[in-house]
Structures are given as C-alpha cells and as structure tokens.
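# Structural features, examined
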Amino acid sequence: MANNQELLNSLYNAFNPFSPLEPGDPVYVDCEEVRGDGDIREDLGNRIRRSKWMTCQLYGGHRGTGKSTELLRLKQSLEENKIKVIYFTADEQDIDPEDAQYVDILLACTRHLLEDFREVNPSPLLNWLQSRWKELKDLALTEIKFEDLKVEAQIALFAKITANLRAVPDLRHKIREKVNPYTVTLIEALNQFINDAKKQLPAGYEQLVVIADNLDRIVPIFYENGRSNHEEIFLDRSEQLKALDCHLVYTVPISLIYSSRATDLREIYGNQQVLPMIMVQTPDGQIYDPGYLKVKEIIEKRVRQFAPTRSLETDIFDSPETLKALCLMSGGHVRNLLLLMQTAIGETEDLPISKKAVQRAITTTRITYGQAVKDDQWILLAEVAKSKRVRNDDKYRKLLFNRCILEYRYFDSEDELCCWYDVHPLIQGIKEFKDAYQQLQS
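Everything numeric here is computed off the predicted structure, so don't read it as measured data. (Residues numbered from 1 in each chain as written. Predicted model: local features only at pLDDT ≥ 70, side-chain atom pairs only at ≥ 80, totals over all residues. Heavy atoms only, no water.)

## Examining helix α19 (residues 334-346)
Its 13 residues give α19 an end-to-end C-alpha distance of 18 Å, which sits within 8% of 18 Å, the value for a rise of 1.5 Å per residue. Of all 13 residues in α19, 10 are buried; the element is thus mostly enclosed. Those residues of α19 that fall on the buried side of the exposure criterion are Val334, Arg335, Asn336, Leu337, Leu338, Leu340, Met341, Gln342, Ala344 and Ile345. Turning to α19, the residues buried within the fold contact α1 (4-14), α16 (289-304), α18 (320-329) and α20 (355-371). (Helix = DSSP H or I, 4+ residues; strand = E, 2+ residues; numbered from the N terminus. Expected span 1.5 Å × (residues − 1). Buried < 20%, exposed > 50% of the residue type's maximum accessible area, 1.4 Å probe, protein only. Contact = heavy atoms within 4.5 Å.)

## Some thoughts on the sheet that holds strand β3 (residues 207-213)
Taken in spatial order, the 5 strands of this open sheet run β2-β3-β4-β1-β5, and their pairing is parallel. Of all the strands in the sheet, just β2 (83-89) and β5 (273-275) have a single pairing partner and so form its edges. Strand-to-strand twist of the sheet, defined as the mean angle between neighbouring strand axes without regard to direction, takes the value 20°. (Pairing = 2+ DSSP bridges. Axes fitted to C-alpha atoms, helices over the stretch in contact; angles between N-to-C directions.)

## Points about the nonpolar core
One finds Phe234, Tyr250, Ile299, Phe317, Ile353, Leu381 and Ile427 to be the most contacted residues of the largest nonpolar core, which totals 117 residues. Broken down by element, this core gets its largest block of residues, 9 residues, from helix α6 (residues 102-116). Once you skip the residues sitting within four places of it in the chain, Ile353 turns out to touch Ile316, Phe317, Asp318, Thr322, Met341, Ala344, Ile345, Thr348 and Val358. With 13 residues, the next largest nonpolar core counts Ile40, Leu44, Ile211 and Leu275 among its residues. (Core = buried A, V, L, I, M, F, W, Y, C linked by side-chain atoms within 4.5 Å.)

## Details of the layout of surface pockets
Looking at the second largest pocket, its volume works out to about 320 Å³. Taken together, 15 residues form the lining of the second largest pocket, with Asn336, Leu339, Thr368, Tyr369 and Arg403 sitting closest to its centre. Those elements giving two or more residues to the lining of the second largest pocket turn out to be α19 and α20. Considering only residue class, the lining of the second largest pocket consists of 4 nonpolar, 7 polar and 4 charged. (1 Å grid on protein atoms, 1.4 Å probe; cavity = no way out; pocket = protein on both sides within 12 Å on 5 of 7 lines; lining within 4 Å. Points joined across faces, edges and corners; volume = space filled by probe spheres on them. Nonpolar A, V, L, I, M, F, W, Y, C, P; charged D, E, K, R; others polar.)

## Focus on the packing of α16 against α19
Two elements in contact, α16 and α19, have axes separated by 11 Å at closest approach and are oriented at 50°. Taken together, the axis directions place α16 and α19 in an arrangement best described as oblique. For the element pair α16 and α19, the recorded crossing hand is right-handed. Taken together, the residues of α19 that come into contact with α16 (itself represented by Val295, Ile298, Ile299 and Arg302) are Val334, Leu337, Leu338 and Met341. In terms of residue class, the contact of α16 with α19 is built from 7 nonpolar, no polar and 1 charged. (Parallel < 35°, antiparallel > 145°, perpendicular 65-115°, else oblique. Left-handed = near helix turned anticlockwise from the far one by under 90°.)

## Some words on the packing of α18 against α19
Put simply, α18 and α19 touch, their axes get as near as 8 Å, and they point 140° apart. With respect to their mutual orientation, α18 and α19 come out oblique. For α18 against α19, the interelement crossing comes out right-handed. Contact residues: Leu326, Cys327 and Met329 in α18; Leu337, Leu340, Met341 and Ala344 in α19. Classifying every residue of the contact of α18 with α19 gives 7 nonpolar, no polar and no charged.

On their own, these measurements won't tell you what the molecule is for.
See the structure below:
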C-alpha cells in the first residue's frame, strides 16, 4: 500500500483542472448519455467526412466542460479516416482573450498552417508578407530587409508578429491597423498555400481540417451601439472566417449561441453543437443517479491509477456522504469537479479526505463565484433557479459566460431533447442568492 503522503501528492496532480485528456487516456469517462447523447465524432465529424464542399462549424459550451478533450477525440477520429487535422489552442500563443479580433484568428491560422506544412512551398504567403513589409517591419521589431532573410527566417516572422499581437498590447492595435485592409489578399495567398498543401498530403488523404480551440474564452465586450466583439468576429466577419479552402471548426462563446443573433449563426454556420453539463440533478432538484455515478467515475478512474485497491468511499474519502457532497457541488461541471477535488486534497494532511476538507474546498470556490456576481444579478439568478429557463437578454448571457448559470440536456419519455438551466450549486449556498430567491417566492 502506497505511503499516504506520496499518494496525496500523486492524487493532487492527477486532478489538474486545466489539462485536457489525450485520446485513449485511461481516465477518460464517456458522459454522452448524461449530456443529451451528443457525440462530437458524429455531430461534427460526419458532416466533415460526408460533405462535398468545405464546412465551417461552431462548437460551444461552458469553459471547463471538456470541449478540448472532445475536440482531441474528434481529431483522432478524423485522422483514423485519413483526414489531415491541424489543431491549436488559440489563447496560448496567438490571441489575448481579453482583447481579440478577427484578424488575430486569421494570423493564428496562417502561422499554424505554415508551421505544420514546412515542406510546402510558402511563396504565396511570403510574397504577401514581402508586399506588406514596409508597413509590418517595425511591428516585427526588426530592421532586417525581408529579401535578405532565408525562407525559414521569413516564415518565422509570421510567428513573431502573432506573438507580438498577443503579448505586446501597444503593438496590437498597430498590427491590426496594418493587416486589416489586406485580409482579403492574405486569405487568397493562404488558400493558394492550402491547396498546394492538400496536393502533398499522404496517400489516401484528401481533406484538411483546421480546429481553432479556446476561442470561446474571448471575453465579451459591448460597444455603445449595443453590439459586441463576439458579433463582430463570428457574424460581421463570417465570410472571411469561412473563406479558408479547408474544413474549419471554431469554438464559440456560449453567450453568443444564446444571443438574439442565434438564428443568424444557424443560417451562416448550420446547427451549432453544444457540450452541456453532466446532469447530476433533475430540474425538480432530485439527484439524477446516472449523472451522479458518471461524476463519481471521473474521480474514481483518476484515483485508481495510484490506489487500485482502496475504497473510494471509505479509504480516500471519510464517508460516502462526503464524496457525494463534493460531486453534487460541482454541478456536473468537469473543471469545477477537478478543482474542488484538488483543493480538498490540498486541505488534507492524511487520508481519508474529511468532510471538513471538502467543506473548505466548497467554501473557497463559493467565495470566488460570489465575487463574480454583481448586486443586480442575484435576482436574475433567482429567476433562473425558479423557472429553469434563460431569457434572451445580455444580462443572462453574461451569467452564462461566467458559468454562474449552467446548461443541461436530456431526452424525455417521448425521446424529445430537453434543455434546461440552473444556477451553479455553489452559488445557491450564498446568502445573497438565498435572500433573492426568498424575495421572489414571497
């Protein structure tokens, strides 16, 4: 039996809430049946595989639900069907979620295509860059003449410009100002490059897919005219977002999917696929055993890697009730579940994890959620808790984006897909919410 301190250390790292699972990871749990039976490999993958034309699809859901894990599964499934996939997480190197525009995404796609197809002649893109070099030279922070650089160094300049776009706020506006008027010609050059790349795909490969992940993290900014940056990116620039000559999958903020522009999104991109929460409770507040057991399985599989013979409910936790409290407080939100678990382990000096440690983890996370709610939003949350619906209003969409309101899906007895909403369980324990809910009831 492993030393408890070593085991605690291993478990703490096993519950890293910010690391998506690679396909085939033994700790992966298939939650399809308690999330409305959606399967990304069919919902998005079949359209890519069967379509005779290039597709552009949006994939949404709350941050931390496991979208990246599912997109990596889609990537594997497509590659098994001899489809080349370029996947990247846009917020890590390419965009600043606090301040992002369409041109940032276009430059990110350009950089990743160049890096992934190093054997393809980059002349179309390099010719474009050279034609713009007079305007972009200072923004790349170099005085070197473009024609004096080797091809590899010229390609590296795209990476340098996108790196400056993300990391240097003072340069961000200037880069956009210089590139924006020429996005059409950049797309033309990029499509030349893409078509050359598709001709050099391995034998049996005919299609190319670009997956841009983490665009759903772009923070909503509302302008004086009432429009948002989300609308500018995904609606106003939709023709350019769709213009690349390959299949495209973009993650999209959940608040836009449930905005007044939802029908416009559908007309432009088709049905948007959404990854909801794991349903751990029914709309009337009863524990939903299939969902609860899935959440419990997520914990159990990670524990079993290091403690295959120990009881989850009596050796790892001090009681079944302590385990259940942690699971239910996650609201079926996977990242919250992992974060609660990691925090509880951090509060534990020796196994088993106690009720007190779990309560401290809940309280710590609850405080964070409470700070995210403004005074005038408590009554909105109370309305959602009572009705299980979300109004078509920006006030509610902000709460969706901040994960204060969670979405659930299930099939009823007539095989109709039902969608409902609830306030995050952590928020339901806050005094201000309780007071607002009581006010609504009276």
